[in-house]
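Coordinate inspection notes
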Amino acid sequence: MSTDPYSSLLKHLANCNDSADIAELFRALLTDKEQLEIANRIRIFDALDRGITQREISEQLGVGIATVSRGAKVMQSHDVSALLATHRQDS
């Protein structure tokens, strides 16, 4: 098989029109803990964007300061504004 499985996943997600199908796929691919970690990463992005300190975020979410720092570093090199807009729209 020459196709990269990660590329196949991305292509499949791009073609999905139903969030329930995506949720089912994520439940199959990710453990509950992994799903929570992804949700926390989005919460970290949101809180950082709102100007909350890393220490406060760490305390609020019950995650280590290193986890929050990694999220902050990711935000410096990746544009997560579209993700945050969707997150805030759904809140």
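Below: a short report on this structure.

How each quantity is defined
- Residues numbered from 1 in each chain as written.
- Predicted model: local features only at pLDDT ≥ 70, side-chain atom pairs only at ≥ 80, totals over all residues.
- Heavy atoms only, no water.
- Salt bridge = Lys/Arg side-chain N within 4 Å of Asp/Glu carboxyl O.
- Buried < 20%, exposed > 50% of the residue type's maximum accessible area, 1.4 Å probe, protein only.
- Helix = DSSP H or I, 4+ residues; strand = E, 2+ residues; numbered from the N terminus.
- Expected span 1.5 Å × (residues − 1).
- Arc of directions from axis to C-beta.

What to know about the pattern of salt bridges
Pairing of side chains with opposite charge becomes possible as their charged atoms draw close. Enumeration over the complete set of coordinates arrives at 5 salt bridges. Across the salt bridge formed by D46 and R50, the nearest N and O atoms sit 3.1 Å from each other. R50 sits in the exposed class, given a relative accessible area of 53%. Notably, a salt bridge pairs R88 with D46, separated by 2.6 Å at the nearest N-O pair. Residue R88 is located in helix α6 (residues 81-90), and its partner D46 is located in helix α3 (residues 32-49); the two are separated by 42 residues in the primary sequence. Owing to a relative accessible area of 30%, R88 belongs among the partly exposed residues under this scheme. Residue classification places D46 among the buried residues on the basis of a relative accessible area of 12%.

A word on helix α5 (residues 65-77)
Between its first and last C-alpha, α5 extends 19 Å over 13 residues, near the 18 Å set by a 1.5 Å rise per residue. Within the sequence span of α5, burial applies to V68, G71 and A72. Projected down its long axis, α5 carries its buried residues within an arc of 100°, all on one side. Structural note: α5 exposes K73, Q76 and S77 on the side pointing more than 90 degrees away from its buried face.

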